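# Results of the structural survey
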Amino acid sequence: MKPPHAKATAAEPSAVNAVHDSSTRSFYEADARARIAGLLDRASFREFVGPCRRMASPHLTPLDQPGAFDDGVVVGEGLLRGRRVLIAAQQGAFLGGGVGEVHGAKLTGLLERAVTERPAAVLLLLDTGGVRLHEANAGLIAISEILRATLAARAAGVAVLALIGSGNGAFGGMGIVARCCSAVLMSEEGRLSLSGPEVIETVRGVEEFDARDRALVWRVTGGKHRFLLGEANLLVADRIDAFADAVLAALDGLHESGDSLVALEREQTRLSQRIADYGDCRDGLEIWRRQGIAEPERLPLLDTAEFLAAAATRGTPCN
Amino acid sequence: MTREWNDLAQGRSRRLARAAGFAQARQVRAEDAVALLEAVIEPGDRVCLEGNNQKQADFLAQCLAQADPQRLHDLHMVQSVLSLPAHLDVFERGIARRLDFSFSGPQATRLAGLVAENRIEIGAIHTYLELFGRYFVDLTPRVALVTAQAADRDGNLYTGPNTEDTPVIVEATAFRSGIVIAQVNEIVERLPRVDIPAGWVDFVIAAPRPNHIEPLFTRDPAQISEIQVLMAMLAIKGIYAEYGVDRLNHGIGFDTAAIELLLPTYAESLGLKGKICRHWALNPHPALIPAIESGFVQSVHSFGSELGMERYVAARSDVFFTGADGSMRSNRALSQTAGLYACDLFIGSTLQIDLQGNSSTATRDRIAGFGGAPNMGSDARGRRHASAAWLKAGAEAARPGEMPRGRKLVVQMVETFREHMAPAFVDRLDAWELAERAKLPLPPVMIYGDDVSHVLTEEGIANLLLCRTAEEREQAIRGVAGYTAVGLQRDRRMVENLRDRGVIRRPDDLGIRTRDASRDLLAARTVKDLVRWSGGLYDPPKRFRHW
């Protein structure tokens, strides 16, 4: 098998100088600003309410917690392969990407702007455990405002895409936001769920869910599983440019017209069927087997392309 | 009155006679294990409980802790590692009283508590080699409780890749009329190979669960920081290349894992393949897989194995020591000897370094012990054979008029601040306070300053071999101690002078640009990358599978 980073073994001195092109490097390893820089066309990004404005959280200082000048989220506008987009990227290293009052207001403001500006899309680069617990109710209210603004943008005909390929994934309230988006784009490293694994283990016991079994965590919340369940519309390799390609593919395939009652009822039927089909499963592996995938045990190790080929053989249900 | 000269042998016969009812052809049922221990062991006995760095005779440890303290008491435990709660339960329950050991890792805090309450009398804290040595001098076990992967009907043992301490313990016990009891994961008709012959084993118990093995040496590359990449570049260019380090041992940790992962990329780009890092005394670190696959590594002898590496090691028998059955054979005593006498360099991390270069992992309320680091990290004064690296280091340390000799390279690699912003450089080691509290005869120093050849931090490398006075040495250490209080108190002129002489070398001085220190240089950035490098042979424990 080919070594994964053969590229870095070129002769001196280029090996050391060959810092990967910003768009081909790992989405997972990049931070919020590097993700935006890699996704958007060169020098096209304009930030709103940037760190110079010092709109930090008012709730952290009384708790003796250090704040961040951007409150852990970068929002702005720019061009993605020439298309004008609004974009937000959460800074996972700051308080686990938690949504506080200011952080949430920046996201809500961006989504509301979409209604008047009608960009090609709003891109939400999620890297978050959900509500920032330090800010309690302010964070919860922020989530509900983000949800409302997301649906309002979609109702106005603007596609809202969730990009999930980060260390924190998208959990808690932001997991709900992701599923309210027009489409979810994930890498297998990304995770999407409601309660985090540790929370489930704490509340329901290790028999219910062993959060230390990281392989299980990924088989239940990871990008591959979410793709197989039909919750992630596209699964991409962990490269920033792969996410950019996926954004274009998703936009070309989407027609945002607001969810009609018919569509909602269809979705409800699909989800009811899903519970009937898989409700007793304890592990993603069991679901994959029921989907008729041959040798489901090998799925976790497959590259994205190999995985998509293997997934194409599944029988249904779902999707 | 004439003396009988076989008291030990008679004691052995007496014990075996008491145990006769429990055994059928050496095999004892798991439910009789506690009774067997109560029959075989006598109050005051010296008992070796096999607790290794990795594999644990956990079932026998639990059985011993369940014994009746009326029958078994005042035992003297001799064991290399205390890592399970049961290892201390025997003291809490009054079954054992005295302890000679080497390393306590996860039980370090509880051990300190029991010592403070006078529940444990510590004989001494050893290095592995010292303790093994004493098994053959004055700490020979009367009864040894060991663990193996499998036994056959005759009582031959197969220890599998994690042989570790078993041969040393059994040899010391069996050849001085002691009794050897083995827990095994399974009893089979035919063993893949015999690691311990049946004649040295008295009882075999099929344990209800496989023995516990800790994946101690697995470091997830995803957690390596760019500062650690920079330090690894410094180590490779500033030390490995400089001295031509070809035979070496790495301590555990992310710092050294970063070096291993830079060999196929950065070191290769410097043209160092085939010139450095060919021979290792090292556990099968998953982080070494890319270097092995790239042809950097020729041989690795291991203290123990590593969970998940079994198939990979078996498939790379050119590199690792394996039996005819294909699986690895490790041996802690022999690999420690290899690290001490046959390696030119040890590099490892520590918690605290003082101004003389003494380093310690002790904190005031933890008795962690030593393990193997003091042997790996010391200049072996009994060494006589020469190598280029050893001679060069010796020449740098030489004083006019002295007999020329070689020197081992002992590198302490630390970030100036550890987690929670604790400074790695201090005026006074916490080891002093621990020594007072636990009434130890000496502060527990892991590596003495006069054995350290280099201190490496993100600020640069201090070559202590080139220091001519105690003051120079202190300033060389301060000169790489960054923004710690120790670093800020440097004499700037003297430090610049040391830099001019090459005693201190900054990244710039070595032609290393700090902005090149990118995670992109790591040959593997995730555990999954390691699996890919291994061609699917490495099977990481599930706690490391982020996919």
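Residues numbered from 1 in each chain as written. Chains lettered and ligands numbered in written order. Predicted model: local features only at pLDDT ≥ 70, side-chain atom pairs only at ≥ 80, totals over all residues. Heavy atoms only, no water.

## Re the overall build of chain B
Helix and strand content of chain B: 19 helices and 20 strands. For 547 residues, the compact-globule estimate of 2.2 N^0.38 gives 24 Å, and chain B sits close to it at 24 Å. Across the 547 residues of chain B, 60% fall into the buried class. Once local pairs closer than 6 in sequence are excluded, the contacts in chain B between residues at least 24 apart make up 73%. As displayed, chain B offers around 20,600 Å² of accessible surface, 51% of which is attributable to carbon and sulfur atoms. (Helix = DSSP H or I, 4+ residues; strand = E, 2+ residues; numbered from the N terminus. Rg over C-alpha atoms; globule rule 2.2 N^0.38 Å. Buried < 20%, exposed > 50% of the residue type's maximum accessible area, 1.4 Å probe, protein only. Contact = heavy atoms within 4.5 Å. Areas by Shrake-Rupley, 256 points an atom, 1.4 Å probe, with all protein chains shown as cover.)

## Concerning the overall build of chain A
In terms of helices and strands, chain A carries 12 helices and seven strands. The C-alpha atoms of chain A give 20 Å as radius of gyration, which agrees with the globular expectation for 319 residues (20 Å, within 12%). For chain A, the spread of C-alpha atoms along the principal axes amounts to about 55 × 55 × 40 Å. A buried classification covers 52% of the 319 residues belonging to chain A.

## So, empty space enclosed by the protein
In the structure shown here, the tally under the stated rule is three cavities of 30 Å³ or more. Of the voids in this model, the largest cavity is the one considered here, and its volume is about 70 Å³. If you go around the largest cavity, you meet 13 residues; those closest to its centre are Ala362(B), Ala368(B), Gly369(B), Phe370(B) and Pro444(B). For the lining of the largest cavity, the per-class residue count stands at nine nonpolar, three polar and one charged. Forming the walls of the second largest cavity are Glu188(A), Trp218(A), Arg219(A), Gly222(A), Gly223(A), Lys224(A), His225(A), Trp288(A), Pro300(A) and Trp547(B). Where the lining of the second largest cavity is concerned, the elements lending two or more residues are α7 (214–221) and α8 (223–228) of chain A. Looking at the lining of the second largest cavity element by element, the count peaks at three residues for α8(A). A class-by-class count of the residues in the lining of the second largest cavity yields four nonpolar, three polar and three charged. (1 Å grid on protein atoms, 1.4 Å probe; cavity = no way out; pocket = protein on both sides within 12 Å on 5 of 7 lines; lining within 4 Å. Points joined across faces, edges and corners; volume = space filled by probe spheres on them. Nonpolar A, V, L, I, M, F, W, Y, C, P; charged D, E, K, R; others polar.)

## A few points about the nonpolar core
Residue and element names in this part refer to chain B. Among the nonpolar cores identified, the biggest contains 82 residues, and Met 77 and Ile 181 are the most heavily contacted of them. In terms of residues, this core owes the most to one element, helix α3 (residues 58–66), which gives six residues. Here this core spans two domains, and each of domain 1 (23–206) and domain 2 (221–528) adds at least three residues to it. One finds Leu 272, Ile 289, Leu 521 and Val 531 within the second-largest nonpolar core, a separate group that totals 67 residues. (Core = buried A, V, L, I, M, F, W, Y, C linked by side-chain atoms within 4.5 Å. Domains from an automatic or database assignment.)

## Points about the pattern of salt bridges
Counted according to the given criterion, the structure contains 68 salt bridges over all chains. Asp71(A) is the salt-bridge partner of Arg132(A), the closest N and O atoms lying 2.9 Å from each other. Here Arg132(A) is found in the loop between β4 (121–126) and α4 (136–155), whereas its partner Asp71(A) is found in the loop between β1 (46–48) and β2 (73–80), with 61 residues between them in sequence. Assessed through its relative accessible area of 0%, Asp71(A) is described here as buried. Lys55(B) is the salt-bridge partner of Glu50(B), the closest N and O atoms lying 3.9 Å from each other. Given the relative accessible area of 0%, Glu50(B) is considered buried. Via salt bridges that share partners, Arg46(A), Glu77(A), Arg84(A), Arg113(A) and Glu117(A) belong to a single interconnected network. (Salt bridge = Lys/Arg side-chain N within 4 Å of Asp/Glu carboxyl O.)

## Observations concerning the sheet that holds strand β6 (residues 183–187) of chain A
Where strands meet in a sheet, backbone hydrogen bonds hold them as pairs that are either parallel or antiparallel. All names here are of chain A. The seven strands are arranged β1-β2-β3-β4-β5-β6-β7 in an open sheet whose pairing can be described as mixed. Edge positions in the open sheet fall to β1 and β7 (234–236), since each of these has one partner strand only. Strand-to-strand twist of the sheet, defined as the mean angle between neighbouring strand axes without regard to direction, takes the value 25°. By the bridge criterion, three bridges tie β6 to β7 in an arrangement that is parallel. By the bridge assignment, Met 186 is partnered in β7 with Leu 235. Where helix α2 (residues 32–39) meets the sheet, it contacts β1, β2, β3 (83–90), β4 and β5 (159–164), and its direction lies at approximately 165° from that of β3. (Pairing = 2+ DSSP bridges. Axes fitted to C-alpha atoms, helices over the stretch in contact; angles between N-to-C directions.)

## Notes on the sheet that holds strand β11 (residues 247–250) of chain B
All names here are of chain B. The eight strands are arranged β13-β12-β11-β14-β17-β18-β19-β20 in an open sheet whose pairing can be described as mixed. The open sheet terminates on both sides in strands that have one partner only, identified here as β13 (299–301) and β20 (504–505). Along the sheet, helix α12 (residues 332–342) contacts β11, β12 (279–281) and β13; its crossing angle with β12, the most-contacted strand, is approximately 125°.

## Quick look at the state of the cysteines
All names here are of chain B. Overall, the coordinates contain zero disulfides over all chains when judged by the stated rule. Cysteine Cys 63 shares no disulfide, and the gap to the nearest cysteine sulfur, in Cys 48, comes to 16 Å. Look at Cys 63 and you get buried, because its relative accessible area is 3%. (Disulfide = S-S within 2.5 Å.)

## A word on the packing of helix α2 (residues 33–40) of chain B against α3(B)
All names here are of chain B. It is the contact of α2 with α3, at a shortest axis distance of 9 Å, that shows an interaxial angle of 65°. Classified by the interaxial angle, the pair formed by α2 and α3 is roughly perpendicular. By crossing handedness, the relation of α2 to α3 is classed as right-handed. Every residue of α3 that contacts α2 at Ala 33, Val 34 and Leu 37 is listed here: Phe 59, Leu 60, Cys 63, Leu 64 and Gln 66. The residue makeup of the contact of α2 with α3, split by class, is seven nonpolar, one polar and no charged. (Parallel < 35°, antiparallel > 145°, perpendicular 65-115°, else oblique. Left-handed = near helix turned anticlockwise from the far one by under 90°.)

## With respect to the side chain of Gln183(B)
Residues and elements named next belong to chain B. As for its position among the elements, Gln 183 is in strand β9 (residues 179–187). A relative accessible area of 0% means that Gln 183 is categorised as buried. A polar contact of 3.2 Å, which involves the side chain of Gln 183, links it to the side chain of Asp 58. Dropping the residues within four chain positions of it, Gln 183 is found in contact with Gln 56, Ala 57, Asp 58, Phe 59, Leu 60, Val 146, Thr 147, Ala 148, Ile 205, Ala 207 and Asn 211. (Polar contact = N/O pair within 3.5 Å; in protein donor to acceptor, adjacent residues only side chain to side chain.)

## Some thoughts on the confidence of the model for chain B
Taken over all residues, the pLDDT of chain B has a mean of 95, while the share at 70 or more is 100%. Taken over the whole predicted complex, pTM reads 0.87, whereas the ipTM for its chain interfaces reads 0.72. (pLDDT = per-residue confidence, 0-100.)

## Quick look at helix α16 (residues 470–478) of chain B
Residues lying three or four places apart along an α-helix face the same way, a consequence of the helix completing one turn every 3.6 residues. What α16(B) keeps buried is the set Glu472(B), Arg473(B), Gln475(B), Ala476(B), Ile477(B) and Arg478(B). Its buried side turned inward, α16(B) meets β18 (454–457), β19 (460–463), α17 (485–488), α18 (492–500) and β20 of chain B.

## Digging into the side chain of Asn53(B)
Residue and element names in this part refer to chain B. As for its position among the elements, Asn 53 is in the loop between β3 (46–49) and α3. One polar contact links Asn 53 to Tyr 128, side chain to side chain, over a distance of 3.2 Å. Aside from chain neighbours lying at most four places away, what touches Asn 53 is Val 81, Phe 103, Tyr 128, Glu 164, Leu 216, Phe 217 and Arg 332.

## Concerning the domain arrangement of chain B
Residues and elements named next belong to chain B. Under the domain assignment used here, chain B contains domain 1 (23–206) and domain 2 (221–528). Each of domain 1 and domain 2 was reduced to a C-alpha centroid, and the two centroids are 33 Å apart. Listed by partner, the interface residues are 33 residues for domain 1 and 30 residues for domain 2. For the pairing of domain 1 and domain 2, the buried interface totals around 2,400 Å² over both sides, and the portion due to carbon and sulfur atoms is 56%. The interface formed by domain 1 and domain 2 contains four salt bridges. Put simply, Asp 165 and Arg 332 hold a salt bridge, and the shortest N to O gap is 2.7 Å. Counting across the interface, domain 1 meets domain 2 through 22 residue pairs in polar contact (both at pLDDT 80 or more). Those elements giving two or more residues to the side of domain 1 that touches domain 2 turn out to be β5 (96–103), α5 (108–116), β6 (121–125), α6 (128–135) and α7 (166–174). Looking at the side of domain 1 that touches domain 2, the element that brings in the most residues is α5, giving five residues. In terms of residue class, the side of domain 1 that touches domain 2 is made up of 16 nonpolar, 13 polar and four charged. (Buried area = accessible area lost by both parts, 1.4 Å probe.)

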